[in-house]
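A structural walkthrough
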Amino acid sequence: LGDVLELGRQPRDAPHRRALLALELGQHGVRRPEPAALLTEGTKTRSATQVDTEVEQLGATLEAGAGWDGSVLWLNVLNSRLDPALAVMADVAQNPAYRPEDVERERALAVEGIKAAKRQPASMANRVLPAALYGPEHPYGRIPTEASIQSLSREQLAGWHARWFRPNNATL
């Protein structure tokens, strides 16, 4: 992964390794369809099924997600299988495919999530509170809407990845 900052080394003789790749978000408040959620949906050289199969055959887990301030990839694997697992993790981090059908599926999930949140008072409060606290122009105050989710294109997601998933923006 190039010149990624590395923190917290485990002893070489540890039987199990955990790797966490954390990246700062470039567009605060983008939650879904989040570029990170689509990382494990396949790369330019591996389908989602191939990624899942390789990770499973290694006895590893590989997950992706995002919060308000960053995106993360988590890898858990036995020490004896670290190198091939890191190769899959690196491919996932560096070469996401963002296939149109995957983007559309994630977009539909995001819209359904917004609709579900509107039916639950606590979830609705969590949606409007950040804008009330920070203002609608502050990155934390930007609340995804059905319209904003529908307008987010595959090209925008790929562009976001190209801009922010960089070694100088990552901590391993």
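Residues numbered from 1 in each chain as written. Predicted model: local features only at pLDDT ≥ 70, side-chain atom pairs only at ≥ 80, totals over all residues. Heavy atoms only, no water.

**Overview of the overall build of the protein**
Within the protein, the regular secondary structure consists of six helices and four strands. The N-to-C order of helical and strand elements in the protein reads β-α-β-β-α-α-α-α-α-β. Taking all 172 residues of the protein together, the buried fraction comes to 38%. Sequence-distant contacts in the protein: of pairs separated by 6 or more residues, those separated by 24 or more amount to 75%. Only carbon and sulfur atoms are counted for the fraction: they give 53% of the accessible area of the protein, which is about 9700 Å². (Helix = DSSP H or I, 4+ residues; strand = E, 2+ residues; numbered from the N terminus. Buried < 20%, exposed > 50% of the residue type's maximum accessible area, 1.4 Å probe, protein only. Contact = heavy atoms within 4.5 Å. Areas by Shrake-Rupley, 256 points an atom, 1.4 Å probe, with all protein chains shown as cover.)

**Regarding helix H4 (residues 121–134)**
Between its first and last C-alpha, H4 extends 20 Å over 14 residues, near the 20 Å set by a 1.5 Å rise per residue. Approximately 30 degrees is the largest bend angle found in H4, and it occurs at Val128, with the proline Pro130 only one to four residues beyond. Regarding H4, the residues found buried are Arg127, Pro130 and Ala131. Buried-residue contacts for H4 involve helix H3 (100–118). Phi for Gly135, located one or two positions after H4, is positive at around 95 degrees. (Expected span 1.5 Å × (residues − 1). Bend = angle between axes of the 7 residues up to and from the residue.)

**Quick word on the packing of aromatic side chains**
Scanning the entire structure with this criterion turns up two aromatic pairs. Ring geometry for Tyr134 against Tyr140: centres 5.3 Å apart, planes inclined by 70 degrees, an arrangement best described as edge-to-face. (Phe/Tyr/Trp six-rings, centres within 6.5 Å; stacked < 30°, edge-to-face > 60°.)

**Concerning the confidence of the model for the protein**
Residues of the protein with pLDDT of at least 70 account for 84%, and the chain-wide mean is 82. The least confident element of the protein, judged by mean pLDDT, is strand E1 (residues 16–24) at 72; the most confident is helix H1 (residues 48–57) at 95. Here residues 1–8 scores under 50 on pLDDT; set against residues more than four positions off or in separate chains, the count is 18 contacts. Here residues 27–32 is a poorly scored stretch, pLDDT under 50, and it has 20 contacts once near neighbours within four places are set aside; other chains count. (pLDDT = per-residue confidence, 0-100.)

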